[in-house]
Amino acid sequence: MLTENGFMDSYRKLRMFSGVKPTPSGEEEYNAWAEQTVHLLEEWQCSDSVKKQRIVESLKGPAADILRFLKVQNPIATAHDYMRALETAFGTTESSADLLVKFRHTFQWEGENLSAYLLRLDKLLHCVFRKGGVPLAEMNKLRIEQIVRDTSFVQKCVFHLREHCRCSRSS
């Protein structure tokens, strides 16, 4: 694809999303699609009109219909407006404040792998971000704070167990 400057622009295409339930084969569920899309919108170095075109190309069915109606209602809608309309239709109904509270009370389950916990935590944090509850620049800070909050309890328990074992051995 040629960019506005006449240079070749290779970009990662968005996965397909329609909004149909159950999710058809070859398509993404909304949260996975939105997470990838938000990330790529930040990454792509192109005009808003190109970003909008790329979003539209990845949609079909009810999701595409929503953006067609939005374009008729608001011809100057931005890519951000497109994402907000799709979030309203297919995203969670919880507010950003509720999602942030949920995020701050998400801890690793007993026996849960750290990678599974981090994935669960990250999905929730991206939902908070998409709802406007946290700026992109703050996401890493919040993620680290939550991991530290969770692991500090575990580390304290391990420390106390080690101390208990040392005391038992010396007695």
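Here is a short report on the structure shown in this document. (Residues numbered from 1 in each chain as written. Predicted model: local features only at pLDDT ≥ 70, side-chain atom pairs only at ≥ 80, totals over all residues. Heavy atoms only, no water.)

### Focus: the pattern of salt bridges
Spelled out, the test is: Definition used for salt bridges: Asp or Glu carboxyl oxygen within 4 Å of a side-chain nitrogen of Lys or Arg. Strands are runs of DSSP state E lasting at least two residues, helices are runs of H or I lasting at least four, and both sets are numbered from the N terminus onward. Between buried and exposed lies partly exposed: a residue is buried under 20% and exposed over 50% of the maximum accessible area for its type, with that area taken using a 1.4 Å probe on protein chains only.
Throughout the structure, instances matching the rule amount to eleven salt bridges. Residues arginine 68 and aspartate 65 are paired through a salt bridge, measuring 2.3 Å at the closest nitrogen-oxygen approach. Taken as a pair, arginine 68 and aspartate 65 lie in helix α3 (residues 61-73) at a separation of three residues, close to a single helical turn. The exposure class of aspartate 65 is partly exposed, given its relative accessible area of 32%. Taking the shortest distance from any N to any O, the salt bridge between glutamate 87 and arginine 130 comes out at 2.9 Å. Taken as a pair, glutamate 87 in helix α4 (residues 79-90) and arginine 130 in helix α6 (residues 114-130) lie far apart in primary sequence, 43 residues in all.

### Some remarks on the packing of helix α5 (residues 96-104) against α6
Which entries qualify depends on this criterion: Between N-to-C directions, angles span 0 to 180 degrees; the directions come from axes that are lines fitted to C-alpha atoms, helices contributing only their stretch in contact. For classification, angles of less than 35 degrees are called roughly parallel, those exceeding 145 degrees roughly antiparallel, those between 65 and 115 degrees roughly perpendicular, and all remaining angles oblique. Whether a crossing is left-handed or right-handed is set by the direction in which the near helix is turned from the far one by less than a right angle, anticlockwise for left-handed and clockwise for right-handed. For this analysis, residues touch if any pair of their heavy atoms sits within 4.5 Å. Put simply, Ala, Val, Leu, Ile, Met, Phe, Trp, Tyr, Cys and Pro go in the nonpolar bin, Asp, Glu, Lys and Arg in the charged bin, and everything else, Gly too, in the polar bin.
Interhelical geometry of α5 versus α6 gives an angle of 160° and a closest axis separation of 9 Å. Here α5 lies roughly antiparallel to α6, going by the angle between them. α5 and α6 meet at a crossing whose hand is left-handed. Residue-level inspection shows Ser96, Leu99, Leu100, Lys102 and Phe103 of α5 in contact with α6, the latter providing Leu121, Leu124, Leu125, Cys127 and Val128. Its residues placed into classes, the contact of α5 with α6 shows eight nonpolar, one polar and one charged.

### Some remarks on the packing of aromatic side chains
Test applied: Any two rings among Phe, Tyr and Trp, with Trp reduced to its six-membered ring, count as a pair given centres within 6.5 Å; such a pair is stacked if its planes are under 30 degrees apart, edge-to-face if over 60, and tilted if neither. Two conditions define a charge located above a ring, namely a distance within 6 Å from the ring centre to NZ of Lys or CZ of Arg, and an angle within 35 degrees of the ring normal.
Evaluation of the coordinates by the stated rule reveals five aromatic pairs. Pairing tyrosine 30 with phenylalanine 90 gives two aromatic rings, centres 6.1 Å apart and planes at 35°, and the pair type is tilted. Residue tyrosine 30 is located in helix α1 (residues 30-43), and its partner phenylalanine 90 is located in helix α4; the two are separated by 60 residues in the primary sequence. Owing to a relative accessible area of 22%, phenylalanine 90 belongs among the partly exposed residues under this scheme. One aromatic cluster in this structure is built from Phe17, Tyr30, Trp33 and Phe90. For arginine 120, the ring lying beneath its charged end belongs to tryptophan 109, and the centroid distance is 3.6 Å.

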